[in-house]
Amino acid sequence: MEKFLRDNFDVQSKRPSEETLRRWRSSVSVVKNPRRRFRMVADLAKRAEAEKKRKKLQEKIRVALYVQKAALQFIDAAAIAASNNNNQSRVEYKLPDDVKLAGFGIDPNDLGSMVRSHDKKGLASRGGVEGLSRLVSVSLMNGIVSSDVPLRQNIYGTNQYAEKPARSFWMFVWEALHDLTLIILMVCAVISVGVGIATEGWPDGMYDGVGIILCILLVVMVTAVSDYKQSLQFKVLDKEKKNIMVQVTREGCRQKVSVYNLVVGDIVHLSIGDLVPADGVLISGHSLSIDESSLSGESEPVDVHKDRPFLLSGTKVQDGSGKMMVTSVGMRTEWGRLMVTLSETGDEETPLQVKLNGVATIIGKIGLAFAMMTFLVLLGRYLLTKANNDQLTEWSMDDALQLLNFFAIAVTIIVVAVPEGLPLAVTLSLAFAMKKLMNDRALVRHLSACETMGSASCICTDKTGTLTTNHMVVNKVWICGETKLIKGGVADTNKVVKSIVSEHVFDMLLHAIFQNTGSEVVKGKDGKTNILGTPTETAILEFGMLLGGDFKVHRREYDIVKVEPFNSVKKKMSVLVTLPERKGFRAFCKGASEIILTMCDKVLGSDGKNISLSDQERKKIMNVIDHFASEALRTLCLAYKDVGKAISKGSNIPEDGYTLICIVGIKDPVRPGVREAVKTCLAAGIKVRMVTGDNINTAKAIARECGILTDGGLAIEGLDFRDKSSRELEEIIPKLQVMARSLPLDKHKLVTQLRSEFKEVVAVTGDGTNDAPALAEADIGLAMGIAGTEVAKESADVIIMDDNFTTIVNVAKWGRSVYINIQKFVQFQLTVNVVALMINFMSACISGDAPLTTVQLLWVNLIMDTLGALALATEPPHDGLMKRPPIGRSTNFITKVMWRNIIGQSIYQIIVLAILQFKGKSMLKLHGSDATDTVNTFIFNTFVFCQVFNEINSRDMEKLNVFRGIFDSWVFLGVLVSTIGFQILMVELLGTFAGTVPLSWELWGLSILIGAVSLIIAPILKCIPVGGREGNESSGQQHDGYEPLPRGPNMA
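All values derive from a computational prediction rather than experimental measurement. (Residues numbered from 1 in each chain as written. Predicted model: local features only at pLDDT ≥ 70, side-chain atom pairs only at ≥ 80, totals over all residues. Heavy atoms only, no water.)

### Topic: the overall build of the protein
Put simply, the rule is: Strands here are runs of E lasting at least two residues and helices are runs of H or I lasting at least four, both read from the DSSP assignment and numbered beginning at the N terminus. Classification of residues uses two cut-offs on accessible area relative to the type maximum, computed with a 1.4 Å probe and protein chains only: under 20% is buried, over 50% is exposed, and between them is partly exposed. In what follows, a contact means two residues having at least one pair of non-hydrogen atoms within 4.5 Å. To measure how exposed things are, a 1.4 Å probe is used in the Shrake-Rupley method; for residues, cover is taken only from the protein chains shown.
When you go through the protein residue by residue, the secondary structure sums to 38 helices and 26 strands. By the burial criterion, 56% of the 1052 residues in the protein qualify as buried. Considering only intrachain contacts with a sequence separation of at least 6, the fraction spanning at least 24 residues in the protein is 74%. When the accessible surface of the protein is totalled, it reaches about 44,400 Å², and 57% of it is carbon and sulfur.

Here is the structure:
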């Protein structure tokens, strides 16, 4: 079985090839209801068609962008010629009445067309960006008024894209009715009603057929309700995935709003890694570079400035920052049209769904063979009986009814044997897990990530914000040769610093802080001062304000000429400003201490004079940096350079010759619970590695505090790592625990090595735009929800909403839970399958009749399929899951442990039911006309209770205590109570339809007792040793999820 599954149903969790997807689809057979089975599977034909549409639209956009300049010049020339020939021939622009009444001066279509076509002449003719803002009634300084949002949405539209309408509940009912076997059974039931009434009269003749129809309707309704609830959960999660928060200015205050609430006229603030949320025009910005590849297919970034101010929705900010005014939203943008084609691609199947399709195919083929054999045996015995009685040529309606009954039983065996709900149980489990993870602050973007996280053997995590709180404050400062501890309020901080520096140095420090920043100090709605920006920038600005500085006052003193924003490659930020009275230019620079120090050749003295930086002085400063870092402080250097009058506005900001002003040490405490979370990972066989851009001493101090860096572990800098040869990497990577001063390419290289050379299943965290390649390369990409850019989130599989490492561990626990829950369900379902097939076939061969009727088999199918999936696939995780090793890549899905439990329980149930079938009357001392009906009802009741107790057994495949946490799983208890309640109803009240008779209290008690014996059988089976690890992992670090971790001091 495993070889068949591996050859035909093995797909990658990320970016599976087209050939692989087609191979498993062609290998699937014995499908009762393709519409339901493949509902969560991508339609490859539709996907290919959508891809063609997308490329065609991208080409159209690209061509439009290329020709727009020439076209506009032609239109402009034609307009001038027409004006010269006849000024009266101009058509006066007519504004629609609804737009005019709303107080706006431009039509939505004209506004959208102008930006889409990059119509610079049209923008100029309307007075530029300022004139356009007047036409849409907005202040470029204060933004729109919140109360105008409904009016703007009414005139200019909402920022939502057209989506396929949600399917109603009745669509799921209709889908469930497409099951081929159920359709055949309905036809049989209708014929049975007709023949029954003809032979037995009304109403006795219609009970069997109506019973089947009612049972089919019950199966259909339960299935539809389960599928409908799943679809609602996925719809909510899908909306949450697309809900991006955008920084806007409204009523003079900076605030975050949902991308869905964005309207024309909104003033949006953009920075590196942001997605442009709507079409718009640039108001102001610095070095703004836009990646339009998602829209036009062009890989070259486009510079956006005042001469080319147009921004298109769906593009990404690659560099710089800016402020834009929204001009078009939703379906009035090119991105809106493109999103419609993307929404048609369908859902991506997960590896576990594909594998279970393979399992369902194998079981289905076996079930089909057994059904055919059962029908042939029943038919053969019936014909033989008629031949022995010389009645082979005599046929009546009773004979037809009997043959129809044989056929219905054979079809029902197929219904039971083909586990149609097996792949859908994965969807159910994933939907449940995703909903719970959402409550636990983790948003799963790709279904397969939930599964893969259960196999994670390594987590490469950032430091800042993930292991630490990301609430930064300046704790120490070195300036003019002295180190000072920063504590207290404005007066104390001001006094401490001013006591050691001159007024000139103090002013230079304030200018270095307030001029060279990507953050802003704004007033909130509550009137309080807020700092908007990264935690590091916020900490430095707060320090500047503690020194008595004023953000707006200092910003007004100089004009900013050029900005080079911080990024993870350069690890610095620079700004070029003009000095007052045009006395030249000054560059300010700040960033990673070692990098800035190499750019400096002077240091600022306490008297304000520049002092040459000797080797000895440089060494002293490095010692200060190392001392700060050893105290787990993040260190940054601030520096400046006067560059004279000769520099032109377009020149690059200098890279050397700076004067060092100060070193700041920023404290970022470790998050509570991180040490325990790392300990949990190590106990679960998951190795944690820290990959950070920080100083190596800071990284080591934090790593030791978190429990990541151990005595035998290796800490290395990114520069050293990238210079290592392949052989050296093979030696150091197993010991590598900390990588400091790393570039995004170093992280990508580490992930690639771990996956390709060491066969690890790697989870990687990231927050910056440059982390996107590593997030995409990893088995599971984890983006930070607070600190992460939209580009990083788009490349990730899971978004950690609270940026907390503990949440990552929780995702791993749920990933393991999904995998184990599906294994529990498969074990339970296969046991029911084996017993139902064997008992019906054996009975048909020996007695010529089936002990379970069509209605009873349909009820059993409901118990083991939809209700079984609900009960077992939605079990919450427990702490024991994180005391097992990760699940290996090539581990057999149906393990030896599962086969042991399935075979053991099946043998017990088959023996018990076979004895009852052939010796039941004498053993139970049943006599009279209803003895056969009573024993058959007793067999049915016993069979059901065997499944009820085996469902409890399946809660844990290894541990003896299967009742642990049962009261925490309300879904499981609900399914159990419902199953028992409806079983009582079927036996005691619905016997006419179900083919049962009421049982005595003694027989009820005996049925429950026989079923409960499986609770004793289970621990006996669990004491039988089975083979150890399965699969063909060569690394020796991944397991089937059951083998205990090595213990003892030597294995710590």
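### Describing the packing of aromatic side chains
Spelled out, the test is: For Phe, Tyr and Trp, where Trp contributes only its six-membered ring, two rings pair if their centres lie within 6.5 Å, and the inter-plane angle classes them as stacked under 30 degrees, edge-to-face over 60, or tilted in between. Look at NZ for Lys and CZ for Arg. If either is within 6 Å of the ring centre and within 35 degrees of the ring normal, a charge sits over the ring.
Applying the stated criterion across every chain yields a total of nine aromatic pairs. Between Phe169 and Trp170, the aromatic rings sit 5.2 Å apart at their centres with planes inclined by 70 degrees, giving edge-to-face as the arrangement. Given a relative accessible area of 60%, Trp170 falls into the exposed group. Consider the rings of Phe514 and Phe551, whose centres lie 6.3 Å apart with planes at 70 degrees: the pair is edge-to-face. Placement of the pair is Phe514 in helix H20 (residues 503–515) and Phe551 in helix H22 (residues 551–557), with a sequence separation of 37 residues. Judged by relative accessible area, which is 0%, Phe514 ranks as buried. Judged by relative accessible area, Phe551 falls into the buried class, the value being 9%. Three or more aromatic residues joined by ring pairs form one cluster here, namely Phe169, Trp170, Phe172 and Tyr228. Over the face of the ring belonging to Phe506 we find Lys498, whose NZ or CZ atom lies 4.8 Å from the ring centre.

### Brief notes about the pairing of strand S11 (residues 482–485)
For clarity, the cut-off: By the convention used here, strands pair only if DSSP detects at least 2 bridges between them.
Pairing analysis gives four bridges linking strand S10 (residues 473–479) to S11, with the strands arranged antiparallel. Each bridged residue has a counterpart across the sheet, and for Val477 the counterpart in S11 is Lys484. Where S10 folds back onto S11 in an antiparallel hairpin, the turn is made up of two residues, including Cys480, whose phi is positive at roughly 55 degrees.

### Examining the nonpolar core
Short version of the rule: In plain words, nonpolar cores are sets of buried Ala, Val, Leu, Ile, Met, Phe, Trp, Tyr and Cys residues tied together by side-chain atoms within 4.5 Å.
Ranked by size, the top nonpolar core spans 167 residues in total, and within it Leu185, Met453, Ile780, Phe805, Ile822 and Val826 carry the most contacts. Setting aside anything within four residues of it in sequence, one finds Met453 in contact with Ile459, Ala763, Ile780, Leu782, Ile808, Val811, Ala812 and Gly815. The next biggest cluster of nonpolar side chains, apart from the first, holds 52 residues, and it includes Val115, Val248, Leu295 and Val329.

### Some details on helix H2 (residues 18–27)
Here is the rule we go by: Note: the arc covers the axis-to-C-beta directions of the helix.
Residues Thr20, Leu21, Trp24 and Ser27 constitute the buried set of H2. For H2, the angular spread of buried residues about the axis comes to 135 degrees, placing them on one side. Exposed residues on H2 whose side chains face more than 90 degrees from its buried face are Glu19 and Ser26.

### Observations concerning a nonpolar patch on the surface
Put simply, the rule is: Patch membership needs two things, relative accessible area over 30% and no salt bridge, and members are linked within 9 Å if like-charged or within 5 Å if nonpolar (Val, Leu, Ile, Met, Phe, Trp, Tyr). When a carboxyl oxygen of Asp or Glu is within 4 Å of a side-chain nitrogen of Lys or Arg, the pair counts as a salt bridge.
Among the surface-exposed residues, Trp899, Ile903, Ile907, Ile911, Ile915 and Met923 lie close enough to one another that they form a single nonpolar patch of about 560 Å² accessible area. On the accessibility criterion, Met923 (52% relative accessible area) is exposed.

### What to know about the packing of helix H16 (residues 397–417) against helix H32 (residues 805–846)
Test applied: Lines are fitted to the C-alpha atoms to define the axes, a helix being fitted only along its stretch in contact, and any angle between axes, read from their N-to-C directions, falls within 0 to 180 degrees. Convention used here: angles under 35 degrees read as roughly parallel, angles over 145 as roughly antiparallel, angles from 65 to 115 as roughly perpendicular, and any remaining angle as oblique. Left-handed describes a crossing whose near helix is turned anticlockwise from the far helix through less than a right angle; right-handed describes the clockwise counterpart. Under the scheme applied here, ten amino acids are nonpolar (Ala, Val, Leu, Ile, Met, Phe, Trp, Tyr, Cys and Pro), four are charged (Asp, Glu, Lys and Arg), and all others, including Gly, are polar.
The interhelical angle for the contact between H16 and H32, taken along N-to-C directions, is 160 degrees, at an axis separation of 10 Å. Judged by the angle between their axes, H16 and H32 are roughly antiparallel. As H16 packs across H32, the resulting crossing turns out to be left-handed. Contacts from Ile413, Val416 and Ala417 of H16 reach H32 at Asn833, Ala836, Leu837 and Asn840. Of the residues in the contact of H16 with H32, the class split is five nonpolar, two polar and no charged.

### A few points about the pairing of strand S24 (residues 762–766)
Stated formally: Call a crossover right-handed when, viewed with both strands pointing away from you, the route from the first strand across the helix to the second goes clockwise.
Within S24, five of the five residues are buried, which leaves it mostly tucked inside the rest of the structure. Covered by surrounding structure in S24 are Val762, Val764 and Gly766 together with Ala763 and Thr765, the residues of both alternating faces. Bridge analysis of strand S9 (residues 458–461) against S24 gives three bridges, and the strand direction is parallel. The residue bridging Ile459 from the neighbouring strand is Ala763, located in S24. Sheet analysis places S24 next to strand S25 (residues 780–784), joined by four bridges and oriented parallel. Residue pairing for S25: Val764 is matched across the bridge by Gly781. Tracing the backbone out of S24, into helix H30 (residues 772–777) and back to the parallel element S25 gives a crossover that is right-handed.

### Considerations on a negative patch on the surface
Filter applied, for reference: For the purpose of counting charges, residues Lys and Arg are taken to be positive, whereas Asp and Glu are taken to be negative. His and the chain ends are not included. Taken as the charge centre is NZ of Lys, CZ of Arg, CG of Asp or CD of Glu, depending on the residue.
Taken together, the side chains of Glu728, Glu730, Glu731 and Glu757 present a region of like negative charge at the surface. The residue Glu728 is located in helix H28 (residues 726–732) in this model.

### With respect to the environment of Pro309
Within the secondary structure, Pro309 sits in the loop between strand S5 (302–303) and strand S6 (310–311). Residues Pro309 and Val129, 180 residues apart in the sequence, show an inter-C-alpha distance of 8.7 Å.

### Comments concerning the environment of Lys570
Mapped onto the elements, Lys570 comes out in the loop between strand S14 (559–564) and strand S15 (572–578). Using a relative accessible area of 28% as the deciding quantity, one classes Lys570 as partly exposed. When the C-alpha atoms of Lys570 and Ala592 are compared, they prove to be 9.0 Å apart, with 22 residues separating the residues in sequence.

### Topic: the pattern of salt bridges
Per the stated rule, a full pass over the model turns up 26 salt bridges. We note a salt bridge from Asp694 to Lys463, for which the minimum N-O separation is 2.8 Å. Note that Asp694 is positioned in the loop between strand S21 (687–691) and helix H26 (696–706) and Lys463 in the loop between S9 and S10, a separation of 231 residues in sequence. This pair shows no difference in class: Asp694 is buried, exactly as Lys463 is. Where Glu482 meets Lys484, a salt bridge forms, and the shortest distance between an N and an O atom there is 4.0 Å. Residue class for Lys484 comes out partly exposed when judged on its relative accessible area of 25%. Linked by salt bridges that have partners in common, Asp462, Lys747 and Asp771 make up one network.

### Details of the environment of Asp668
To keep it simple, the criterion reads: Any pair of N or O atoms that falls within 3.5 Å is considered a polar contact. Within protein, one atom must be able to donate a hydrogen and the other to accept it, and sequence-neighbouring residues count only if both atoms are side-chain atoms.
Positionally, Asp668 belongs in the loop between strand S20 (658–667) and helix H25 (674–683). Taking the C-alpha atoms as reference points, Asp668 and Arg634, separated by 34 residues in sequence, lie 7.5 Å from one another. Other than its neighbours up to four places away in sequence, Asp668 contacts Thr464, Gly465, Thr468, Thr469, Asn470, His471, Met472 and Ile702. Within the structure, Asp668 has its side chain in polar contact with the side chain of Thr468 (distance 2.5 Å).

### Some details on the UniProt feature "transmembrane region" (unreviewed entry) in the protein
The condition that has to hold: UniProt positions are given in the numbering used here, feature names are shortened, and annotations may be inferred rather than shown by experiment.
Here the UniProt-annotated "transmembrane region" (unreviewed entry) positions come out as residues 180–199, 205–225, 362–384, 404–433, 897–919, 931–949, 970–991 and 1003–1021. Along residues 970–991, the helical share is 91% and the strand share 0%, with 30 Å between the first and last C-alpha atoms.

### Some details on the sheet that holds strand S8 (residues 442–444)
Pairing within the open sheet is mixed, and its eight strands lie in the order S8-S26-S25-S24-S9-S21-S23-S22. The open sheet has two edge strands with one neighbour each: S8 and strand S22 (714–717). Adjacent strand axes in the sheet meet at a mean angle of 20 degrees, parallel and antiparallel pairs treated alike.

### A short note on the confidence of the model for the protein
Note the following rule: pLDDT: the predictor's confidence for each residue, scored from 0 to 100.
Averaged over the protein, the pLDDT score is 83; the fraction of residues at 70 or greater is 90%. Of all the helices and strands in the protein, helix H4 (residues 44–85) carries the lowest mean pLDDT, 62, while strand S23 (residues 736–740) carries the highest, 95. Here residues 79–91 is modelled with pLDDT under 50, and outside its nearest four sequence neighbours on either side it reaches three contacts, counting other chains as well. For residues 1029–1052, every residue scores under 50 in pLDDT, and the model assigns this stretch 56 contacts once sequence neighbours within four places are set aside.

### Some remarks on unusual backbone geometry
Residues other than glycine seldom take positive phi values, yet His118 does so here, at roughly 55 degrees. Mapped onto the fold, His118 is located in the loop between helix H6 (108–116) and helix H7 (120–125). Although it is not a glycine, Ser287 sits at a positive phi angle of roughly 50 degrees. Checked against the element boundaries, Ser287 lands in strand S4 (residues 279–291).

### Quick word on the state of the cysteines
Cysteine pairs can be covalently joined through their sulfur atoms, and such a bond is termed a disulfide. Which entries qualify depends on this criterion: For the purposes of this analysis, a disulfide is any pair of cysteine sulfur atoms at a distance within 2.5 Å.
As enumerated under the stated definition, the model contains zero disulfides in all. This cysteine, Cys637, is not joined by any disulfide, and Cys600 carries the nearest cysteine sulfur, 6.8 Å off.

### What to know about the side chain of Asn804
Take Asn804: it is sitting in the loop between strand S26 (798–800) and H32. Look past the residues within four positions of Asn804 in its chain and what remains in contact with it is Thr466, Arg671 and Val674.

### Re the packing of helix H35 (residues 931–953) against helix H38 (residues 1001–1022)
H38 packs onto H35 with a crossing angle of 35 degrees between their chain directions and a minimal axis gap of 8 Å. The handedness of the crossing between H35 and H38 comes out as right-handed. On H38, the residues that touch Thr934, Phe938, Asn941, Thr942, Phe945, Cys946, Phe949, Asn950, Ile952 and Asn953 of H35 are Leu1003, Trp1004, Leu1006, Ser1007, Ile1008, Ile1010, Gly1011, Ala1012, Ser1014, Leu1015, Ala1018 and Lys1022. When the residues that make up the contact of H35 with H38 are grouped by side-chain class, the tally is 13 nonpolar, eight polar and one charged.

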